[in-house]
Amino acid sequence: MNAPASAAATRSSLPRVVAASLIGTTIEWYDYFLYGTAAALVFGKLFFPHSDPLTGTLLSFLTYAIGFAARPLGALVFGHFGDRVGRKRLLVVSLLLMGGSTTAIGLLPTYDSIGVAAPVLLTALRLVQGFALGGEWGGAVLLVSEHGDQRRRGFWASWPQGGAPAGNLLAAGVLSLMTTLQSDADFLSWGWRVPFLLSAVLVGVGMWIRLAVEESPLFRQAIANKANQPEAEQAPLVGVLKHHWREVLVAMGARMAENISYYVMTTFVLTYAVSHAHFGKQSALNAVLIASAIQFALIPLFGALSDRVGRKPVYLVGAAGVGVWAFVFFGLVDTRSFPQLVLAVTVGLVFHSAMYAPQAAFFSELFATRLRYSGASIGAQFASVAAGAPAPLIATALLKDYGSSTPISVYVALAAVVTVLAVLCGRETRGRDLTRIEEQPADGAPVGKPAVA
C-alpha cells in the first residue's frame, strides 16, 4: 500500500480506534473508581469494623492507596512488552486483569465471615487492579495518538482521557442507584456487591470492541524499520532512562497537581462531605455525578484548545487554577448547601480537565516510538505513587489531626507549584511529528534514527 492510501486508511479507522480506547478506559476506570468510592462509603465498616468510623475509613483508604504501588510495576511490564509486541495485545490483557479482579471483589466475604483474611484478600485484589491500570493508560492513549494526525492530536488523544470521568460517573451512578433503591442495611449486606459483579458484563463488551481495532501504524512501521537494523536492541526501560530521563521527570512533575487534586476532589470529598459537613451519602454521590458529567464534556474541548494554543498554556492554567481553588473548595462544602457542593466539585474538575485533556498528547509527544509506551507509562504511573496513591489517605489524616480543611488545601496548592515548575521546564510539543522524535542522550546530542523513516 502506498503512503497516501495508508494515511487514508488510518484516518478512516481513527473514530473506531478512539471509540475502542474510550470504552475500554471507561470500563477500567469504572472498576478502579468503584473501589475508591466504596472505600469512602462502605469498606471501612465491612472490612475494618472494630475501628472508629474515621480510622476505619483511613484503613480503607490505605488499601486503596496500596493499589497505586502496583501501578509502576504495571507500567514497567506493560511498557516493556507494549514497545516490543504492540499496544493492542497489552490492552486486551490489562482489561481482563482489571475486570477479573473487580468481579472477585464483589464475591469477597467480609471481616465478619473470615476475619483478617478479608482485608488481606481485598488488598491483594486491589494490587491486581493497580497493576492492570498501570499498563492500561499508556497503551490506550498511544493507540489513538499514533493513529491520528499531528494537527488535531490533542483533540483525538483527549478522548481516552474522558474514560476517567466517564468511569467515575458510571461507578458513582451505579452506587447512587443502589443506595437510592435500598436501605442502608441492605446496601451494606449485599447491595454494594452488585456494581462490582457488573464489571464482568462490561469487560465482555470491552473485549469485543478492543479485539476489532488495528495495531498502531507507527508501531508497525517502527518494527519493520527495526528489522532492517543490525544492531542489538536495548530494553525499552534502559532506552527511556538513557535517552529520555528529562522527559520522564517532566511527566512525573506534571502529574502531581493533576493526580492529587482529582482524588481529593472526587474520592476524599465523599468522606469529608458525609462525616464532616454532614451531607447524606446520596447528596455527596450526586455532586460527583454531576461534576463528572460536565468534565466528560469538557475534556475534548480542552484537548482541541491545546491544538490551537499549545499543551503547556492549557496545562499551566489548570495547575494554577486548582492550586487556588483548593482554598475555596472546602469552604463551599462547609456551607452544607448542595448547590455549593456541586459548584465546588465541578469547578475543581474544570481546572483538572485543563491538565488532564492535553496530557495524553503531551506525554506521547515527549518520547520516540519504540520507547513511547514505556516512557509515557513510567512518567505517569511512577508519579501516581507519590500523588494519587496517598492523596485521600493524607487528606483524611490531616483532617483527623487538625480538624480543619486548611492543611488539605495547602497540600493541594504545593502540588500545584510542583506541576507548574515541571511544565515550565518541559518543551512545547504541539505539532511535533511522532515519526521524527529521536532518542536523546543525557548530553542532548541526537543518536540513532527517527522512529519511522
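Everything numeric here is computed off the predicted structure, so don't read it as measured data.

Student: What exactly am I supposed to notice about the confidence of the model for the chain here?
Tutor: Low-confidence regions, as indicated by low pLDDT, have predicted coordinates that should not be scrutinised in detail. Per-residue pLDDT for the chain averages 83, and the proportion of residues at 70 or more is 91%. Summarising per-element confidence for the chain, the mean pLDDT is lowest in helix α11 (residues 217-227) (72) and highest in helix α15 (residues 311-334) (97). Across residues 1-10, where pLDDT falls below 50, the model places 3 contacts with residues more than four positions away in sequence or in other chains. Confidence drops under pLDDT 50 across residues 441-453; counting only partners more than four residues distant or on other chains, this segment forms 35 contacts.

Student: Whenever I open this one, the nonpolar core confuses me. Can you help?
Tutor: Inside soluble globular proteins, nonpolar side chains tend to come together where they are buried. Counting residues in hydrophobic clusters, the biggest one holds 131 residues, and the most contacted among them are Phe43 and Val333. The greatest single-element share of this core, amounting to 19 residues, is contributed by helix α1 (residues 3-47). When near neighbours in sequence (up to four residues on either side) are disregarded, Phe43 contacts Tyr35, Ala38, Phe48, Ser60, Ile105, Leu122, Trp192 and Phe196.

Student: In this structure, what is going on with the side chain of Ser261? I would like to understand it.
Tutor: Topologically, Ser261 is positioned in helix α13 (residues 245-276). Look at Ser261 and you get buried, because its relative accessible area is 1%. Among the polar contacts listed, one links the side chain of Ser261 to the backbone oxygen of Ala257, at a separation of 2.7 Å. Setting aside anything within four residues of it in sequence, one finds Ser261 in contact with Val322, His352, Met355 and Val412.

Student: Sorry, what's going on with the pattern of salt bridges here?
Tutor: When the charged atoms of two side chains lie near each other, side chains of opposite charge can form a pair. Applying the stated rule across the entire model yields 5 salt bridges. Its salt-bridge partner being Glu365, residue Arg153 comes within 2.9 Å of it at the nearest N-O pair. Of the two residues, Arg153 is situated in helix α6 (residues 153-161) and Glu365 in the loop between α16 (338-364) and α17 (369-386); the sequence distance between them amounts to 212 residues. Each member of the pair Arg153 and Glu365 is classed as buried.

Student: I keep staring at a nonpolar patch on the surface and nothing clicks. Help me out?
Tutor: Taken together, Ile23, Leu198, Val201 and Val205 make up a surface patch of nonpolar side chains, about 290 Å² in accessible area. Position of Val205 among the secondary structure elements: in helix α10 (residues 199-210).

Student: Which parts of the structure should I look at to understand the packing of aromatic side chains?
Tutor: Summed over the entire model, instances satisfying the criterion amount to 17 aromatic pairs. With a centroid separation of 6.3 Å and an interplanar angle of 65 degrees, the aromatic rings of Phe268 and Phe330 are classed as edge-to-face. Here Phe268 is found in helix α13, whereas its partner Phe330 is found in helix α15, with 62 residues between them in sequence. Neither Phe268 nor Phe330 differs from the other in exposure class; each is buried. An aromatic cluster of three or more residues is present, and its members are Tyr35, Phe43, Phe47, Trp192 and Phe196.

Thresholds applied
- Residues numbered from 1 in each chain as written.
- Predicted model: local features only at pLDDT ≥ 70, side-chain atom pairs only at ≥ 80, totals over all residues.
- Heavy atoms only, no water.
- pLDDT = per-residue confidence, 0-100.
- Helix = DSSP H or I, 4+ residues; strand = E, 2+ residues; numbered from the N terminus.
- Contact = heavy atoms within 4.5 Å.
- Core = buried A, V, L, I, M, F, W, Y, C linked by side-chain atoms within 4.5 Å.
- Buried < 20%, exposed > 50% of the residue type's maximum accessible area, 1.4 Å probe, protein only.
- Polar contact = N/O pair within 3.5 Å; in protein donor to acceptor, adjacent residues only side chain to side chain.
- Salt bridge = Lys/Arg side-chain N within 4 Å of Asp/Glu carboxyl O.
- Patch = residues over 30% accessible without salt bridge, like charges linked within 9 Å, V, L, I, M, F, W, Y side chains within 5 Å.
- Areas by Shrake-Rupley, 256 points an atom, 1.4 Å probe, with all protein chains shown as cover.
- Phe/Tyr/Trp six-rings, centres within 6.5 Å; stacked < 30°, edge-to-face > 60°.

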